[in-house]
Amino acid sequence: MKALLTFLLRAPVWRSTAFIFAAVFVATLVVLESGAFAGDGAVTIPYGQWVSDWMPLIGASLAALVTWGLRQLPANVVALFGNARVELLINNAIGYGLNAVKDAAKGKTLSVDVGNKVLAEALQYAVENAPAWLLSWAGGPEGLAKKIFGRLDLEPAADASAVKLVTTTANAGE
């Protein structure tokens, strides 16, 4: 019997998951009330009541199963979710930077001076509002500044020297 269980439940994740589901099932059976018996020998089984009693358990079990399933996703799918969060952060930071700087507007070509101010405001917003894991996923403040710089519509005289200056300023403010 032990060899069969070891074969079926080879991975530690499966063992712990199977144990949790078995424990919940046994606990539910212990707590569950049995059907009401009529005096004339007929048995009434209250299926509706059982289902309504079990709904919180079923809902919690499904939520746990979905959460566990999400933890088993391949790394490239997790990377897609992480990249989507970085893209959202960049879009929000650029929107904030454009709104925070005078003479900056979406779709308008920015001068070097205004572009540097927008970049600084956007990076500061991102650093202050993003969780640490998302900042590291985006390449830290410098990687994030490069991504924001690449998205801004700057005049041809602009160069990437602003990224280094803004990153240094953002790191000094932490």
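Look above for the structure.
Predicted model only: the values in this text are computed from it and were never measured.

Enquirer: How do you make sense of the packing of helix α4 (residues 75–100) against helix α5 (residues 112–129) when you look at a structure like this?
Expert: Two measures define how a pair of helices packs: the angle their axes make with one another and the distance between the axes. It is at 7 Å that the axes of α4 and α5 come closest, and there the two elements cross at 130°. Classified by the interaxial angle, the pair formed by α4 and α5 is oblique. Remark: the crossing between α4 and α5 carries right-handed chirality. Across the interface between the two elements, Leu89, Asn92, Ala93, Ile94, Tyr96, Gly97, Leu98 and Ala100 of α4 pack against Val118, Glu121, Ala122, Tyr125 and Ala126 of α5.

Enquirer: Is there a simple way to explain a nonpolar patch on the surface in this structure?
Expert: A grouping of Phe21, Val51, Met55, Ile58, Leu62 and Leu65 is seen on the molecular surface, where their side chains present a nonpolar patch of about 520 Å² in accessible area. The element that contributes the greatest number of residues to the nonpolar patch is helix α3 (residues 47–71), accounting for five residues. Among the secondary structure elements, valine 51 is positioned in helix α3. Judged by its relative accessible area of 47%, valine 51 falls in the partly exposed class.

Enquirer: Can you walk me through the layout of surface pockets in this structure?
Expert: Using a probe with the size of a water molecule, rolled over the atoms, empty space left in the structure can be pinpointed. One number sums up the size of the largest pocket: a volume of about 250 Å³. Considering the residues around the largest pocket, the lining is formed by 14 residues, among which Ile94, Gly95, Leu98, Lys106 and Gly107 are closest to the centre. In terms of residue count, α4 provides more of the lining of the largest pocket than any other element does, five residues in total. Of the residues that constitute the lining of the largest pocket, the class distribution is six nonpolar, four polar and four charged.

Enquirer: Even after reading the chapter, I still don't get the environment of glycine 107, so can you show me in this structure?
Expert: Within the element layout of this structure, glycine 107 appears in the loop between α4 and α5. Residue classification places glycine 107 among the exposed residues on the basis of a relative accessible area of 74%. Between the alpha carbons of glycine 107 and aspartate 153 there is a distance of 7.2 Å; along the sequence they are 46 residues apart.

Enquirer: Teacher, can you tell me more about the pattern of salt bridges here?
Expert: Pairing is possible between side chains of opposite charge, provided their charged atoms come close. Tallied over the entire structure, the rule returns two salt bridges. The partner of glutamate 87 in a salt bridge is arginine 151, with the nearest N and O atoms 1.9 Å apart. Linking glutamate 87 in helix α4 with arginine 151 in helix α7 (residues 140–151), this pair joins segments that are 64 residues apart in sequence. Classification of glutamate 87 by relative accessible area gives partly exposed; the value is 35%. Here glutamate 142 makes a salt bridge to lysine 146, at a shortest N to O gap of 3.8 Å. Taken together, the residues span about one helical turn, with glutamate 142 and lysine 146 both in helix α7 at a distance of four residues.

Enquirer: Would you mind showing me how to read the nonpolar core here?
Expert: Nonpolar side chains in soluble globular proteins tend to be buried together. Of all hydrophobic cores here, the largest spans 27 residues; its most connected members are Ala104, Leu110, Val118, Leu144, Ile148 and Leu152. Counting only elements with at least two residues in this core, the list comes to α4, α5, α6 (132–137) and α7. A total of seven residues in this core trace back to one element, the largest contributor, which is α5. Those residues within four positions of alanine 104 in sequence are excluded, and the remaining contacts are Leu98, Leu110, Val114 and Val118.

Conventions adopted
Residues numbered from 1 in each chain as written. Predicted model: local features only at pLDDT ≥ 70, side-chain atom pairs only at ≥ 80, totals over all residues. Heavy atoms only, no water. Axes fitted to C-alpha atoms, helices over the stretch in contact; angles between N-to-C directions. Helix = DSSP H or I, 4+ residues; strand = E, 2+ residues; numbered from the N terminus. Parallel < 35°, antiparallel > 145°, perpendicular 65-115°, else oblique. Left-handed = near helix turned anticlockwise from the far one by under 90°. Contact = heavy atoms within 4.5 Å. Patch = residues over 30% accessible without salt bridge, like charges linked within 9 Å, V, L, I, M, F, W, Y side chains within 5 Å. Areas by Shrake-Rupley, 256 points an atom, 1.4 Å probe, with all protein chains shown as cover. Salt bridge = Lys/Arg side-chain N within 4 Å of Asp/Glu carboxyl O. Buried < 20%, exposed > 50% of the residue type's maximum accessible area, 1.4 Å probe, protein only. 1 Å grid on protein atoms, 1.4 Å probe; cavity = no way out; pocket = protein on both sides within 12 Å on 5 of 7 lines; lining within 4 Å. Points joined across faces, edges and corners; volume = space filled by probe spheres on them. Nonpolar A, V, L, I, M, F, W, Y, C, P; charged D, E, K, R; others polar. Core = buried A, V, L, I, M, F, W, Y, C linked by side-chain atoms within 4.5 Å.

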